[in-house]
Amino acid sequence: MLALSDVCPFFPPCSSLHARASIHRNKQGQTRLSSYYAWLPMAERVALESEIIRKCLSRSELQCSFLEYRGYKVVYRRYASLFFIVGTRPDAGAGPGAENNENELGMLEFIHMLVETMDKWAGSICELDIMYQLEQVHFLLDEMVMNGYIVETNKSNILKPIDLMERESRKDEGMFR
């Protein structure tokens, strides 16, 4: 199974990438969207997010988009003013000192697929789309990732339920005029 359960393409559904979180931040370091697939206390989440974005911002564009930090394997990609960050960690059942064997290129491809899907949904995705349509963006991410595992990568299949919800909401608006 492909999982996103330790921090935040083309894979067959239910592939083996496992993530702990998906985080989307702007260049100023403000979180615009975060989705965790393993429980972390809120204080630890805030600290982890700010430390990771500081690391990402301090790296030059010539450096790779992979880093290891506090036991997490972090993969990030910057699109315009947004950083899309995915992190993984070895399974808790693997024991202390277990190696994290997640595929960094697979996680990078997942980020790219997420951005392409958001572009298809919103035209050209920007920070304001995420801020003002947060519920739909969470729904879109939930269609792709379940319990840290990537379950769907087909853009049409991901966007179909969102389109249906938007169509139904337009019908309801018309009834109350």
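Residues numbered from 1 in each chain as written. Predicted model: local features only at pLDDT ≥ 70, side-chain atom pairs only at ≥ 80, totals over all residues. Heavy atoms only, no water.

### Quick word on the overall build of the protein chain
And then number 1: Within the protein chain, the secondary structure is distributed over five helices and nine strands.
And then number 2: Listed N to C, the secondary structure of the protein chain is β-β-β-β-α-β-β-β-α-α-α-β-β-α in terms of helices and strands.
And then number 3: Put simply, the protein chain has 177 residues, and 45% of those count as buried.
And then number 4: Surface summary for the protein chain: the accessible area is close to 9,500 Å², and the carbon and sulfur share equals 53%. (Helix = DSSP H or I, 4+ residues; strand = E, 2+ residues; numbered from the N terminus. Buried < 20%, exposed > 50% of the residue type's maximum accessible area, 1.4 Å probe, protein only. Areas by Shrake-Rupley, 256 points an atom, 1.4 Å probe, with all protein chains shown as cover.)

### Regarding helix H4 (residues 134–144)
And then number 1: Those residues of H4 not exposed but buried are Val137, Leu140, Leu141 and Met144. For H4, the arc enclosing every buried residue in end-on projection is 95°, short of the 170-degree limit, so these residues lie on one face. (Arc of directions from axis to C-beta.)

### Observations concerning the pairing of strand S3 (residues 21–26)
And then number 1: Most of S3 is tucked away: six of the six residues are buried.
And then number 2: Of the two faces of S3, the one lined by Ala21, Ile23 and Arg25 and the one lined by Ser22, His24 and Asn26 are each fully buried.
And then number 3: Hairpin connection of S3 to strand S4 (residues 31–36): four residues between the antiparallel strands, including Gly29 at a positive phi of 90°.
And then number 4: In this sheet, strand S7 (residues 82–88) lies alongside S3 in antiparallel orientation, the contact comprising six bridges. Bridge pairing in S7 links Ser22 to Val86. (Pairing = 2+ DSSP bridges.)

### Focus on the sheet that holds strand S6 (residues 72–79)
And then number 1: Read across the sheet, five strands follow the order S4-S3-S7-S6-S5 without closing on themselves; strand pairing throughout is antiparallel. Bordering the open sheet on either side are S4 and strand S5 (66–69), each of which pairs with just one other strand. Neighbour-to-neighbour, the strand axes of the sheet open up by a mean angle of 20°, direction not taken into account.
And then number 2: Of the strands in this sheet, S3 and S4 touch H4, which is tilted by about 35° from S4. (Axes fitted to C-alpha atoms, helices over the stretch in contact; angles between N-to-C directions. Contact = heavy atoms within 4.5 Å.)

### Observations regarding the confidence of the model for the protein chain
Regions with low pLDDT carry predicted coordinates that are not meant to be interpreted in detail.
And then number 1: Summing up the model confidence of the protein chain, the mean pLDDT is 81 and the portion of residues at 70 or higher is 81%.
And then number 2: Contacts from residues 1–16, a stretch scored under 50 in pLDDT, to residues over four places away or in other chains number 91 contacts. (pLDDT = per-residue confidence, 0-100.)

### Topic: the side chain of Arg25
And then number 1: Checked against the element boundaries, Arg25 lands in strand S3.
And then number 2: Those residues in contact with Arg25, other than ones at most four positions away along the chain, are Gln30, Thr31, Arg32, Glu49, Ser50, Ile53, Ser81, Leu82 and Phe83.

### A look at the pairing of S5
And then number 1: Alternating positions in S5 separate cleanly, Leu67 and Tyr69 being buried on one face and Phe66 and Glu68 remaining unburied on the opposite face.
And then number 2: Taken together, the four bridges between S5 and S6 define a ladder with antiparallel strand orientation. Along S6, the bridge assignment pairs Tyr69 with Tyr72.

### Focus on helix H1 (residues 42–58)
And then number 1: Compared with an ideal rise of 1.5 Å per residue, which puts 17 residues at 24 Å, H1 spans 24 Å between its outermost C-alpha atoms and is within 8% of the ideal.
And then number 2: Residues of H1 that are buried include every one of Arg45, Leu48, Glu49, Ile52, Ile53 and Cys56, and no others. An end-on view of H1 places all buried positions within 125° of arc, on one side of the element. Looking at H1, the residues exposed on the side facing more than 90 degrees away from the buried face are Ala43, Val46, Arg54 and Ser58. (Expected span 1.5 Å × (residues − 1).)

### A few points about the side chain of Asn26
And then number 1: As for its placement among the helices and strands, Asn26 is situated in strand S3.
And then number 2: Within polar-contact distance, the side chain of Asn26 engages the backbone nitrogen of Gln28 at 3.1 Å.
And then number 3: Looking at Asn26, its side chain comes within polar contact range of the side chain of Gln30, at 2.6 Å.
And then number 4: Look past the residues within four positions of Asn26 in its chain and what remains in contact with it is Arg32, Ser81, Leu82, Phe83 and Glu127. (Polar contact = N/O pair within 3.5 Å; in protein donor to acceptor, adjacent residues only side chain to side chain.)

### Topic: the nonpolar core
And then number 1: In this structure, Phe84, Leu140 and Met144 are the most contacted members of the largest nonpolar core, which totals 28 residues.
And then number 2: Put simply, the parts of the chain that give this core at least two residues each are S6, S7, helix H2 (104–122), H4 and helix H5 (155–175).
And then number 3: Ranked by the residues each element gives to this core, the list is headed by H2, at nine residues.
And then number 4: Ile23, Leu40, Tyr69 and Ile85 belong to the second largest nonpolar core, which has 15 residues in total. (Core = buried A, V, L, I, M, F, W, Y, C linked by side-chain atoms within 4.5 Å.)

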